[in-house]
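Observations on chain architecture
Spelled out, the chains give:
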Amino acid sequence: MILDLKKLFITENYTLPIDYSVDFSNVEYMGEYPLKKPIAVKGKVTNRAGLVTLTLSMVYVFSAPCDRCGLPTEAEHEVTLEKSLAPEIAGEDNDEIILVEDLKLDLDELVYTEIIISLPMKHLCRVDCKGICSMCGKNLNEGECNCSTKQVDPRLQALADLLKEEN
């Protein structure tokens, strides 16, 4: 969605509402396509006393396997953004100001950038997920397995076998 901001920059006390959804289901992230549902984007662009401000709320559902147990999970995340808009910037770059040279703003590109930056690095089905047993592969959230928790260093396995024979 391209926003034409010409009227907004010349009219004080003007507000342009934003309410749409954007589909990023084709975006690959860490070997998955986690954004299966459209992203809801709501907000506004306002001009108050000559200061043009963009306020956005982006809500997305992150769908991917749990990083510990592998079960498919979904979690809703919200990203908020508040930035000033300016047709030109004098001096150094500023992260709080978005430059809109031709008075047009590609909102899809901005939303894409903010969503990609906010995607979780670790995705769990629940905070206390126990994962899977490294020996048998059982999901430890469903109960304990019968595997021995005592592991012997493979370099010392021959010594452990000798100790078993003595007992």
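Residues numbered from 1 in each chain as written. Predicted model: local features only at pLDDT ≥ 70, side-chain atom pairs only at ≥ 80, totals over all residues. Heavy atoms only, no water.

**Observations regarding the environment of Gly 137**
Heads up, the condition is: Helical segments are the DSSP runs of H or I of at least four residues, strand segments are the runs of E of at least two, and each set is numbered from the N terminus.
Note on placement: Gly 137 falls in the loop between helix H2 (107–118) and helix H3 (157–166). C-alpha of Gly 137 to C-alpha of Asp 102: the two residues are 35 residues apart in sequence and 57 Å apart in space.

**Let's talk about the pairing of strand E5 (residues 72–86)**
Heads up, the condition is: In this analysis, strands are considered paired if DSSP registers two or more bridges between them.
Inspection of the sheet shows strand E4 (residues 51–65) paired to E5 by 14 bridges, in the antiparallel sense. Across the sheet, the residue bridging to Ser 63 is Glu 74, located in E5. From the end of E4 to the start of E5, which pair antiparallel, there are 6 residues, and Gly 70 there has a positive phi angle of about 85 degrees. The pairing of E5 with strand E6 (residues 97–99) spans 3 bridges and is parallel. In the strand pairing of E6, Ala 86 is matched with Leu 99.

**Here's the deal with the packing of aromatic side chains**
Applied cut-off: Paired rings are identified among Phe, Tyr and Trp, the last through its six-membered ring, by centres lying within 6.5 Å, and are further divided according to the angle between planes into stacked (under 30 degrees), edge-to-face (over 60) and tilted (the rest). Burial classes: relative accessible area under 20% of the type maximum marks a residue as buried, over 50% as exposed, and values in between as partly exposed (1.4 Å probe, protein chains only).
All told, the structure shown has 2 aromatic pairs when counted by the stated rule. Each ring, one from Phe 24 and one from Tyr 112, has its centre 5.5 Å from the other, and the planes form 75 degrees; the classification is edge-to-face. Of this pair, Phe 24 sits in the loop between strand E2 (14–22) and strand E3 (39–48) while Tyr 112 sits in helix H2, and the two are 88 residues apart along the sequence. The class of Phe 24 is buried, set by a relative accessible area of 10%. Plain terms: the ring middles of Tyr 29 and Phe 62 are 6.1 Å apart, the flat faces sit at 80 degrees to each other, and that makes the pair edge-to-face. Highlighted residues: Tyr 29 in the loop between E2 and E3 and Phe 62 in strand E4, separated in sequence by 33 residues. A single burial state applies to Tyr 29 and to Phe 62, both of which are buried.

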